[in-house]
Amino acid sequence: MFVDSHCHLDFPDLASNLNELLRNMTENQVTHALCVSVNLTDFPRVLALARMHENLFASVGVHPDYENLDEPDAQQLVQLADNPKVIAIGETGLDYYRLQGDLEWQRERFRQHIRAARACGKPLIIHTRSAANDTLRIMREEGADQIGGVMHCFTESWEVAQQAIEMNFYISFSGIVTFKNAATLKDVARKIPLARMLIETDSPYLAPVPYRGKLNQPAFVRHVAEEIARLRDTGLDEIATATTGNFFRLFRTAGDDYHARY
Ligand SMILES: [Zn+2]
Ligand SMILES: [Zn+2]
């Protein structure tokens, strides 16, 4: 069995086709998926999906690419996270690729999310792009190691992966690891301890080979696992078991059902 640790099933392209996507998950042994919140306006839709479907979970947070909105403070995030179906805080982090200029507001927003995660005891989903040093620095300054979480859709170097792992974080691989030109990332996927690895689609974006360029969906996380198994010269079962176990270890509150069964 596989778990998609990061998708956006509430986005219109996917939500309009939900029943088929859930069927495809079942057919591909993708048993669970975490629907990740990107802003507070859409959060109720994410939560509704998770409440409606036993095998879907939700997170709450505001993505660093969303400008000019009411900034959430830690207390507000903690209140919204007070639901058994909300298993994580995020996605949050820094993105200096999509936006430029004075991004102090991104850093402050990131800090509020880390404080919220520590306060409510739910792990962080961190997005970082062209901002690895500041991301790691703020994680350190805010004590993110005390709550842990995942570096989602990881595209950074082995050195960055190691520093995140030292702070109690998991590294999540998306369809990018299947792309021919992703040599550095393939190398990271070969090196990192299995005990620290997660897999995701980040759907609707970043469909893995052989669906590259098409609309992505949680069922395709299987192809991410297949590529990692190939890179590490190991069985698909080993990758499936490790990444699924890691998911329920990290997102402790999602695990009640899982831990009862396995
Ligand atoms: Zn992201
Ligand atoms: Zn995302």
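For the structure, see preceding data.
Here the residue numbering is sequential within each chain, running from 1 through the sequence in written order. Chain letters start at A and ligand numbers start at 1, both assigned in the order the entries are written. Owing to the predicted nature of the model, reporting of local features is limited to residues with pLDDT of at least 70; listing and counting of side-chain atom pairs is limited to 80 or more, with chain, interface and lining totals taken over all residues. The basis for every side-chain value is the complete set of heavy atoms in the structure, and neither hydrogens nor water enter the calculation.

Looking at the metal site, the zinc ion (ligand 1) is ligated by Glu91 (OE), His127 (ND1) and His152 (NE2), spaced 2.0 to 2.1 Å from it. Binding-site remark: the zinc ion (ligand 1) is held by donors from one chain whose sequence spacing is E-x35-H-x24-H. A donor here means an N, O or S atom no more than 2.8 Å from the metal, or no more than 3.2 Å when the metal is Na, K or Ca. Since water is not included, a site may seem to lack partners. Taken as an interatomic distance, the gap from the zinc ion (ligand 1) to the zinc ion (ligand 2) is 3.5 Å; Glu91 donates to each of them. Residue His127 is located in strand β5 (residues 124-129), and its partner His152 is located in the loop between β6 (149-151) and α7 (158-166); the two are separated by 25 residues in the primary sequence. The residues His127 and His152 share a single accessibility class, namely buried. Strands are runs of DSSP state E lasting at least two residues, helices are runs of H or I lasting at least four, and both sets are numbered from the N terminus onward. Relative accessible area decides the class of each residue, using a 1.4 Å probe on protein chains only: under 20% of the type maximum gives buried, over 50% gives exposed, and in between gives partly exposed.

Here we come to the coordination of the zinc ion (ligand 2). Taken together, His6 (NE2), His8 (NE2), Glu91 (OE) and Asp202 (OD) make up the full set of protein donors to the zinc ion (ligand 2), lying 2.1 to 2.6 Å away. Only two sets of limits are used to name each site, 85 to 135 degrees for every angle of a tetrahedral four-donor site, and over 155 degrees for opposite donors with all other angles from 65 to 115 for a square planar four-donor or octahedral six-donor site, with any other site named irregular. Given 4 donor atoms and angles of 84 to 175 degrees at the metal, the environment of the zinc ion (ligand 2) is assigned as irregular. Donor residues for the zinc ion (ligand 2), ordered by position in the chain, follow H-x1-H-x82-E-x110-D. Overall, His8 belongs to the buried group, its relative accessible area being 2%.

This part takes up the sheet that holds strand β8 (residues 197-199). The 8 strands are arranged β1-β2-β3-β4-β5-β6-β7-β8 in an open sheet whose pairing can be described as parallel. Looking along the sheet, the strands with just one partner apiece sit at the ends: β1 (2-7) and β8. The mean angle between the axes of side-by-side strands here comes to 30 degrees, regardless of whether they run parallel or antiparallel. Between any two strands, pairing holds if DSSP finds at least two bridges. Of the pairings in the sheet, the one linking β5 to β6 comprises 3 bridges and is parallel in character. Bridge pairing in β6 places Leu124 opposite Gly149. Any two residues whose heavy atoms approach within 4.5 Å at even a single point are treated as in contact. Where helices are involved, their axes are fitted lines through C-alpha atoms of the stretch in contact, as for all axes, and angles between N-to-C directions lie from 0 to 180°. Set on the sheet, helix α6 (residues 132-141) makes contact with β4 (86-95), β5, β6 and β7 (169-173); between it and β5 the angle comes to about 150 degrees.

Right, let's talk about helix α10 (residues 236-250) for a bit. Here the expected length of a helix is defined as 1.5 Å per residue gap, with one fewer gap than residues. With 15 residues, α10 extends 21 Å from end C-alpha to end C-alpha; this agrees with the ideal 21 Å at 1.5 Å per step. The set of residues buried in α10 consists of Ile239, Ala240, Ala242, Thr243, Thr244, Gly245, Asn246, Phe247, Phe248 and Leu250.

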